[in-house]
Amino acid sequence: MASSEARELLENGSIKKELICRHGGRTAHNMSSSSLRKKSDLSLVSKIRVGFLRKLLVNLEEVLLGTKLSVLFLAVPFAIVAQYCRFGRAWVFGLSLLGLAPLAERISFLTEQIAFYTGPTVGGLMNATCGNATELIIAIFALIQHKVDVLKSSLLGSVLSNLLLVLGSSLFCGGIANISKQQKFDRKQADVNSLLLLLGLLCHVLPLMFKFTVTPSADQVTSSATLALSRASCIIMLIAYIAYLVFQLWTHRQLFEAQDHGEEDDDDDDVVSDETPAVGFWSAFVWLVVMTALVALLSEYVVATIEAASDSWGLSVSFISLILLPIVGNAAEHAGAIIFAFKNKLDITLGVALGSATQISMFVVPLTVITAWIIGIEMELGFNLLETSALALSILVTTLALQDGTSHYMKGLVLVLCYLVIGACFFVFKAPINSSINLEEYKSSQDQVTMRI
Amino acid sequence: MASHEAWLLENGNIKLLSKEMKHGRTAHNMSSSSLRKKSDRSLVSKVRVGFLRAFLANLQEVLLGTKLSVLFFAIPLAIVAKYRNYGSPWVFALSLVGLTPLAERVSFLTEQIAFYTGPTVGGLLNATCGNATELIISILALTQNKVDVVKYSLLGSILSNLLLVLGTSLFCGGIANMSKEQNFDRKQADVNSMLLLLGLLCHLLPLMFTFAGTSPELTAVGKLQLSRASCIVMLIAYVAYLVFQLWTHRQFFEAEEGDEDDDVASEDETPVIGFWSGFAWLVLMTGVVALLSEYVVATIEAASDSWGLSVSFISVILLPIVGNAAEHAGAIIFAFKNKLDISLGVALGSATQISLFVVPLSVVVAWIIGIDMDLDLNLLETSSLALSILVTAFTLQDGTSHYMKGLVLLLCYVVIGACFFVFRSPLDSNDLGLKASPGQGIMSI
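Residues numbered from 1 in each chain as written. Chains lettered and ligands numbered in written order. Predicted model: local features only at pLDDT ≥ 70, side-chain atom pairs only at ≥ 80, totals over all residues. Heavy atoms only, no water.

Per an unreviewed UniProt entry, chain B carries the name Vacuolar cation/proton exchanger and comes from Sesamum alatum. Here chain B is described in UniProt, under the heading Subcellular location (unreviewed entry), as follows: "Vacuole membrane". (UniProt positions renumbered as here; feature names shortened; annotations may be inferred.)

In the nomenclature of an unreviewed UniProt entry, chain A is known as Vacuolar cation/proton exchanger of Sesamum alatum. The record held by UniProt for chain A lists under Function (unreviewed entry) the comment "Vacuolar cation/proton exchanger (CAX). Translocates Ca(2+) and other metal ions into vacuoles using the proton gradient formed by H(+)-ATPase and H(+)-pyrophosphatase." Quoted verbatim from the Subcellular location (unreviewed entry) field of the UniProt record, the comment on chain A reads "Vacuole membrane".

Encoded structure:
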């Protein structure tokens, strides 16, 4: 399915010769996760005589052991045991978190396998949706348990982690490793993502500003207006997301294809270039359902035990949901992005980091609000002032960093340091998390602050 | 010292660059050198005694080697005014005027010393001593417990570098070179913009604490801890910036030599004074700077009452203009000659150094002394800082310049100046916790 074409692109006045290889709908996301695969060693299994058993074992080996993160799979049964034997809620939390990391990676692998059968477009769609399955499932469980603040913080933290931590560490490591070479990437992809993130930021800032323009007599009116605005914004964000998918998968594919700049040294240790699927369609489908159910189970544990873990570890709930949860959820993508930055393939790194951030901002967040609408919970957009300003500045710094299409380690370092400062901020910030933002409480807290003596 | 050709592919443009590496001469050096005068040795060479002649030559080189030398008279006048108790506003004004030539001479002496120590240490010295005036004023204000003066004078320094110095340089350069294309290397501007945004983040988050926080005590403690942690991060960023600028990616920051005009005294490949002589003068000058700064900090309220200007206006607008005067003049001169890389290096480099080095250093010094200084500027100052950084970053985006860009930056500065002119907050120097913050819509009585 691979075809390579040589094109001449006139870009910014320079004539660029590009070899574009199409890998059957493999987006940056796919290629990044594939760096964590291992080639399966079929020697042991092939010794088994019974045909059916052999196939089953091959399948098992491919799916369960096909990643370097397999060792973390042990955490999954431990977490279930801990929950039922009532070991200690902090343990349940920790083990569930650990177990989520390999599951997220396997889901991405299975979606890629299914994509081989369904063709590039549907495959890309599936990737785009299932790539953030973990965040989506955690969000829905938090919603069901009425922990709206945990939900918002974890989504915001995911965006911040993608923009600053994943991108920053990749650019930094890539810059150090390639210090003598020039590092370039196609800035068009970065531009589109920045625009969409800014749209998301606008949708968060306006409901927040509503609260500042309130007059005492109009309290009720304002909160219902904020809700209506949030819901309308979500519909618009979903429209933007669908347009983004059309743009990315259909009309402007070439901007998002993983490009090989000149040298094509494919290390076969790291990237398993599987042109043919490793598991059958129905087998992959069944595994996908099983894995998703496991993710749902562990997510439920995580959301239920988050306060206990927070008390037990002495960290605020906002810190755990903003910093810890996303780091774990993104671990596999993170590792992949760094590996590709080392190889000076920055387009892929950017595709992973920015693409994830855009998907969460434009898809998971509005979907959650609409789900809340259906369930009957009043969830609005808009974080508190601290989180919104952190988000605004992160988007700004990232946009500025990616403006010119080149990279060096200093850019990555500044992004990582910004993340450290934001992490330190939420570490020291201990706010009482309520499940619903009460306007009276907010105003009275403002009065308290202004009456400092 | 070797010139080599390098092909750089930048945004698809093929640029032929010839670079000459001078002894660690950064943009800072070259800009200040525009204020030098060639020393006229005719008078001195008539003195027969060898030792006296060398001494007088040294004196002439150091004291009279700048066009600002006439302002040196202000220094003894300021000391006299202080001891005869003429009136605090006079002491304030004379000290301010005296600081200007001193700042320039300190920069000259650092450059001389750099000839002996080599490019890297020279660059380091320059980076540190270049903002000696601001650093000394901050530390002295801290010892007198005037935390707000420190914060606002540093903020004003950043604003002045970003908007005033850069704006006037781009404006004058644009008018003078109306028919030519004005290009500069945007990579240096990008790195500086990102670092300034990191600094802005570190100021923004403590400010937001006040709005998002609950009880005042928790908020104050949290802000302090966060500020101190942020300062460590900022210092890490500054060290990395120095490594980046002086070692791994020097080529972004080298002053490019196009056509050399000999008006600029840049042919001093050899130092004009000896190493120890330079060192001794440096110590002496720094001592005088410290003395005058102490007068300035001590008399700032009296001057404010007497002239009818708020202390915040004096700290944010007046002090930095004086402190930056020499660099300012140099940046404009180089913009006239269409050497925008140097102007940018001066303006942006200074702003970055103050934001990432002087500010965190002040907080750390306050920490050691035992004063609670956090990074929270108030809403008004933080928003003007944020918008200044944004405007500057966008202006320098595309690597070209014209007078309109300079004019807009300059007008932004005028608006901010007007804002602080009319803004009268009761800044009491003795209280750290009883700050009135009109940004929160209250007045403390």
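Read on, since the account is not over.
For the rest of this paragraph, the subject is the overall build of chain B. Helix and strand content of chain B: 16 helices and 4 strands. The burial tally for chain B puts 58% of its 445 residues in the buried class. Taking contacts inside chain B between residues at least 6 apart in sequence as the whole, the part at least 24 apart equals 81%. With an accessible surface of roughly 17,900 Å², chain B has 67% of that area assigned to carbon and sulfur atoms. (Helix = DSSP H or I, 4+ residues; strand = E, 2+ residues; numbered from the N terminus. Buried < 20%, exposed > 50% of the residue type's maximum accessible area, 1.4 Å probe, protein only. Contact = heavy atoms within 4.5 Å. Areas by Shrake-Rupley, 256 points an atom, 1.4 Å probe, with all protein chains shown as cover.)

This part is about the overall build of chain A. Summing up its helical and strand segments, chain A has 18 helices and 4 strands in all. The burial tally for chain A puts 55% of its 453 residues in the buried class. A sequence separation of at least 24 residues applies to 82% of the contacts in chain A between residues at least 6 apart.

Let's shift gears to the packing of helix H8 (residues 187–212) of chain A against helix H16 (residues 385–401) of chain A. Pairs of packed helices are described in terms of their axes, by the angle between the two and the distance that separates them. Residues and elements named next belong to chain A. Running from N to C, H8 and H16 cross one another at 155 degrees; their axes reach a closest spacing of 10 Å. Put simply, H8 runs roughly antiparallel to H16. Between H8 and H16 lies a crossing of left-handed hand. Two secondary-structure elements touch here, H8 through Ser194, Leu197, Leu198, Leu201, His204, Val205, Leu208 and Phe212 and H16 through Leu385, Thr388, Leu391, Ala392, Ile395 and Thr399. Tallied by class, the residues present in the contact of H8 with H16 amount to 10 nonpolar, 4 polar and no charged. (Axes fitted to C-alpha atoms, helices over the stretch in contact; angles between N-to-C directions. Parallel < 35°, antiparallel > 145°, perpendicular 65-115°, else oblique. Left-handed = near helix turned anticlockwise from the far one by under 90°. Nonpolar A, V, L, I, M, F, W, Y, C, P; charged D, E, K, R; others polar.)

Enumeration according to the criterion identifies 20 aromatic pairs over all chains in this entry. Seen in terms of ring centroids, tyrosine 241 of chain A and phenylalanine 363 of chain A are 4.8 Å apart; in terms of plane orientation they differ by 20 degrees. Their pairing is stacked. Separated by 122 residues along the polypeptide, tyrosine 241 of chain A in helix H9 (residues 219–251) and phenylalanine 363 of chain A in helix H15 (residues 346–375) bring together distant segments of the chain. The pair tyrosine 241 of chain A / phenylalanine 363 of chain A is uniform in exposure class, with both members buried. Ring geometry for phenylalanine 426 of chain A against phenylalanine 429 of chain A: centres 6.3 Å apart, planes inclined by 80 degrees, an arrangement best described as edge-to-face. Judged by relative accessible area, which is 0%, phenylalanine 426 of chain A ranks as buried. Members of the aromatic cluster, each reached through a chain of ring pairs, are Phe172 and Tyr409 of chain A together with Phe244 of chain B. Lying across the ring of phenylalanine 340 of chain A, lysine 343 of chain A places its NZ or CZ 5.4 Å from the centre. Cation over ring: lysine 337 of chain B sits above phenylalanine 334 of chain B, and NZ or CZ is 5.5 Å from the ring centre. (Phe/Tyr/Trp six-rings, centres within 6.5 Å; stacked < 30°, edge-to-face > 60°. Lys NZ or Arg CZ within 6 Å of the ring centre and 35° of its normal.)

Glancing now at the UniProt feature "domain: Sodium/calcium exchanger membrane region" (unreviewed entry) in chain A. Here, UniProt's "domain: Sodium/calcium exchanger membrane region" (unreviewed entry) annotation points to residues 90–250 and 284–422 of chain A. For the annotated span residues 284–422 of chain A, helix accounts for 83% and strand for 1% of the residues, and the straight-line distance between the end C-alpha atoms is 40 Å.

One recurring pattern in soluble globular proteins: nonpolar side chains tend to sit buried together. In terms of nonpolar packing, the biggest core is built from 226 residues, with Leu386 of chain A together with Leu205 of chain B touching the most fellow members. Take this core: its biggest share by element is 17 residues, from helix H8 (residues 186–212) of chain B. If near-sequence neighbours (up to four positions away) are discounted, leucine 205 of chain B is found in contact with Leu386, Ala390, Val421, Ile422 and Cys425 of chain A together with Leu226 of chain B. (Core = buried A, V, L, I, M, F, W, Y, C linked by side-chain atoms within 4.5 Å.)

Along the chain, the position of leucine 385 of chain A falls in helix H16. For leucine 385 of chain A, a relative accessible area of 11% gives the class buried. Separated by 180 residues in the primary sequence, leucine 385 of chain A and valine 205 of chain A have C-alpha atoms spaced 9.0 Å apart. Aside from chain neighbours lying at most four places away, what touches leucine 385 of chain A is Leu208 and Phe212 of chain A together with Met208 and Phe211 of chain B.

Once that is clear, we can look at the side chain of serine 321 of chain A. All names here are of chain A. Tracing the backbone through its elements, the reader meets serine 321 in helix H13 (residues 317–329). A polar side-chain atom of serine 321 sits 2.8 Å from the main-chain carbonyl oxygen of valine 317. When neighbours within four sequence positions are excluded, serine 321 is seen to be in contact with Val150, Ser153, Ser154, Ile306 and Pro326. (Polar contact = N/O pair within 3.5 Å; in protein donor to acceptor, adjacent residues only side chain to side chain.)

Here valine 421 of chain A shows up in helix H17 (residues 409–428). Along the sequence, valine 421 of chain A and alanine 390 of chain A sit 31 residues apart, while their C-alpha atoms lie 9.7 Å from each other. For valine 421 of chain A, the contacting residues outside a window of four places in its chain are Leu198, Leu201, Cys202, Leu205, Leu226, Ser230 and Val233 of chain B.

Now for H13 of chain A. Residues and elements named next belong to chain A. Helix length check: H13 (13 residues) gives 17 Å between terminal C-alpha atoms against 18 Å at 1.5 Å per residue, within 8%. Looking only at H13, the buried set comprises Val317, Ser318, Phe319, Ile320, Ser321, Leu322, Ile323, Leu325 and Pro326. Where the residues of H13 are buried, they touch helix H4 (89–118), helix H7 (148–177), helix H11 (281–304), helix H12 (306–313), H16 and H17. (Expected span 1.5 Å × (residues − 1).)

What follows deals with a nonpolar patch on the surface. Together, Val50, Phe52, Leu53, Leu56, Leu57, Leu60, Leu64 and Leu65 of chain A line one region of the surface with nonpolar side chains, adding up to about 690 Å² of accessible area. As for its placement among the helices and strands, phenylalanine 52 of chain A is situated in helix H2 (residues 51–64). (Patch = residues over 30% accessible without salt bridge, like charges linked within 9 Å, V, L, I, M, F, W, Y side chains within 5 Å. Salt bridge = Lys/Arg side-chain N within 4 Å of Asp/Glu carboxyl O.)

Further remarks concern the UniProt feature "domain: Sodium/calcium exchanger membrane region" (unreviewed entry) in chain B. The positions UniProt marks with the feature "domain: Sodium/calcium exchanger membrane region" (unreviewed entry) are residues 88–247 and 278–416 of chain B. A distance of 40 Å separates the end C-alpha atoms of residues 278–416 of chain B, which is 83% helix and 1% strand.

Among all positions in H12 of chain A, only Ile306, Ala309 and Ser310 of chain A are buried. The buried residues of H12 of chain A occupy an angular sector of 100 degrees when the element is viewed end-on, so they sit on one face. (Arc of directions from axis to C-beta.)

All names here are of chain B. Following the criterion strictly, the structure yields 9 salt bridges over all chains and no others. Measuring nitrogen to oxygen at the nearest pair gives 3.1 Å for the salt bridge that ties lysine 151 to aspartate 374. With a gap of 223 residues between them, lysine 151 in helix H7 (residues 147–176) and aspartate 374 in the loop between helix H14 (340–369) and helix H15 (379–395) connect regions that are remote in the sequence. For the pair shown, lysine 151 and aspartate 374 are each scored as buried. One salt bridge in this structure joins aspartate 372 and arginine 228, with 3.8 Å as the shortest N-O distance. Of this pair, aspartate 372 sits in the loop between H14 and H15 while arginine 228 sits in helix H9 (residues 216–248); the two residues are 144 residues apart in sequence, bridging distant segments of the chain. Residue arginine 228 is classed as buried on the basis of its relative accessible area of 15%.

Only a minority of non-glycine residues have a phi that is not negative, and only a minority of peptide bonds are not trans. Unlike most non-glycine residues, histidine 146 of chain A shows phi in positive territory, near 65 degrees. Following the sequence through the fold, histidine 146 of chain A ends up in the loop between helix H6 (133–144) and H7. Of note, the phi angle at asparagine 338 of chain B is positive, near 60 degrees, even though the residue is not glycine. Asparagine 338 of chain B sits in the partly exposed class, given a relative accessible area of 21%.

Residue and element names in this part refer to chain B. Note on placement: alanine 351 falls in helix H14. Residue alanine 351 is classed as buried on the basis of its relative accessible area, which comes to 0%. As a C-alpha pair, alanine 351 and leucine 159 span 192 residues in sequence and 7.8 Å in three-dimensional space. Setting aside chain neighbours within four positions, we find alanine 351 in contact with Ile158, Asn161, Leu162 and Leu196.

All names here are of chain B. Two numbers describe how helix H4 (residues 88–117) lies on helix H12 (residues 311–323): the axes approach to 8 Å, and their chain directions differ by 40 degrees. Relative to H12, H4 is oriented oblique. Residue-level contacts link Phe92, Leu96, Thr100 and Ala103 of H4 to Ile314, Leu319, Val322 and Gly323 of H12. Residue composition of the contact of H4 with H12, by class: 6 nonpolar, 2 polar and no charged.

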